[in-house]
Amino acid sequence: MRRGLKWFLFSILIIAFFSLFFSNIAKAQNGSLYFSPSSGKISVGENFSLVLRVNTGGTAINSTEGSVVFDQRELSVTSISKSGSIFSIWASEPKFSNAEGTIEFAGGIPNPGYSGSNGLVLTINFKAKVATTVKGYTDIVLVSGSVLANDGEGTDILASLGKATYNIITVGAKPSTGE
C-alpha cells in the first residue's frame, strides 16, 4: 500500500513539474509587426511615409524591437519620426543607414502596456531615388524583430514580420499593366 502511495505522489510531482516547465511553450504567438500602407506607386524624386505598426493579437505588450532592410540604390530614408508612437521609452533610439539600407529600433512602454491591432511604432520617411526597372518593384522588409508580452517574463509573441512593396516610376511614365 505504501508503494502505491509513493508512485501516486511521484506521478503527481512529475506532472506538476512538466506543467510548469512547458507552460511558456504553450503560450500563443500571435503578434505581428507590419507596414501601412503595404504597397504603393511613387515617382522618382517623390517623398513618402511608411508607418510601422504592431498588432498584439489581444495580448498586452511592453516592448518591441526590429530591423528593416531596403534597397539603398532605389530608396533613401530622409527621417524617422516617433511622433504618436505607443512607445515612450527607447532602449535604442531609431536609427538608419542609407549606406547599408538598414533601420533599427527598440521601444518600450510602462505597465500596463499596450494591447491592440494598430499600434503606431514609427513613421519612416523615404525618398524614391531611381525607377524600379529590374524587378519592377522594391521591397522594404522587416528581417528580424520581437514583440514582448507584458507578462513579467518577456515572452516573445511575434508570429509574423511584414514587408512593403513599392513601384517607383519615372515622372510621366505610364505604369505597366503586367500583360
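These numbers were taken from a predicted model, which means no experiment stands behind them. (Residues numbered from 1 in each chain as written. Predicted model: local features only at pLDDT ≥ 70, side-chain atom pairs only at ≥ 80, totals over all residues. Heavy atoms only, no water.)

(A) Layout of the sheet that holds strand β7 (residues 102-108). In spatial order, the strands read β2-β11-β9-β4-β7-β6; together these six strands make up an open sheet with mixed pairing. At either end of the open sheet lies a strand with only one pairing partner, and these are β2 (39-43) and β6 (89-97). Put simply, the sheet's adjacent strands are angled 15 degrees from each other on average, direction ignored. (Pairing = 2+ DSSP bridges. Helix = DSSP H or I, 4+ residues; strand = E, 2+ residues; numbered from the N terminus. Axes fitted to C-alpha atoms, helices over the stretch in contact; angles between N-to-C directions.)

(B) A look at unusual backbone geometry. With omega at -5 degrees, the peptide bond leading from S36 into P37 counts as cis. Its location among the elements puts P37 in the loop between β1 (31-36) and β2.

(C) Fine view of the nonpolar core. Counting residues in hydrophobic clusters, the biggest one holds 33 residues, and the most contacted among them are F35, F105, F126 and I140. At the level of elements, β1, β3 (47-55), β4 (61-70), β5 (75-81), β7, β8 (119-128), β9 (138-149) and β11 (163-169) are the ones that each hand at least two residues to this core. Broken down by element, the residue count for this core peaks at five residues, all from β8. (Core = buried A, V, L, I, M, F, W, Y, C linked by side-chain atoms within 4.5 Å. Buried < 20%, exposed > 50% of the residue type's maximum accessible area, 1.4 Å probe, protein only.)

(D) Quick look at the sheet that holds β1. Strands sit in the order β5-β8-β3-β1-β10 across an open sheet of five strands; the sheet is mixed. Lying at the two open borders of the sheet, with one neighbouring strand each, are β5 and β10 (158-161). Strand after strand, the sheet turns through a mean of 25 degrees between neighbouring axes, direction not considered. Sheet topology note: the β3/β8 ladder contains eight bridges and is antiparallel.

(E) Examining the pattern of salt bridges more closely. With the rule as written, the count across this model stands at three salt bridges. A salt bridge links E93 to K82, with the shortest nitrogen-to-oxygen separation between them at 2.7 Å. Taken together, the residues E93 in strand β6 and K82 in the loop between β5 and β6 connect sequence positions eleven residues apart. The exposure class of E93 is partly exposed, given its relative accessible area of 44%. (Salt bridge = Lys/Arg side-chain N within 4 Å of Asp/Glu carboxyl O.)

(F) Inspection of the side chain of T123 at higher detail. Inspection of the secondary structure assignment puts T123 in strand β8. Residue class for T123 comes out buried when judged on its relative accessible area of 14%. Excluding its chain neighbours within four sequence positions, the residues that come into contact with T123 are S49, L50, V51, S79, I80 and S81. (Contact = heavy atoms within 4.5 Å.)

(G) Representation of the confidence of the model for the protein chain in the model. Here the protein chain averages 86 in pLDDT, while 80% of its residues score no lower than 70. Throughout residues 18-26 the model reports pLDDT below 50, and contacts reaching past four residues in sequence, or to other chains, amount to one contact. (pLDDT = per-residue confidence, 0-100.)

(H) Main features of the side chain of S146. Within the secondary structure, S146 sits in strand β9. With residues up to four places along the chain from it excluded, the contact list for S146 reads L33, S63, T64, E65, D156 and L158.

(I) Layout of the environment of T155. On the secondary structure map, T155 appears in the loop between β9 and β10. With a relative accessible area of 14%, T155 lands in the buried category. Taking C-alpha positions, T155 is 9.2 Å from I61, a pair spaced 94 residues apart along the chain.

(J) Up close: the environment of L142. Positionally, L142 belongs in strand β9. The class for L142 is buried, based on a relative accessible area of 4%. Residues L142 and V69 lie 73 residues apart in sequence; the distance between their C-alpha atoms is 6.6 Å.

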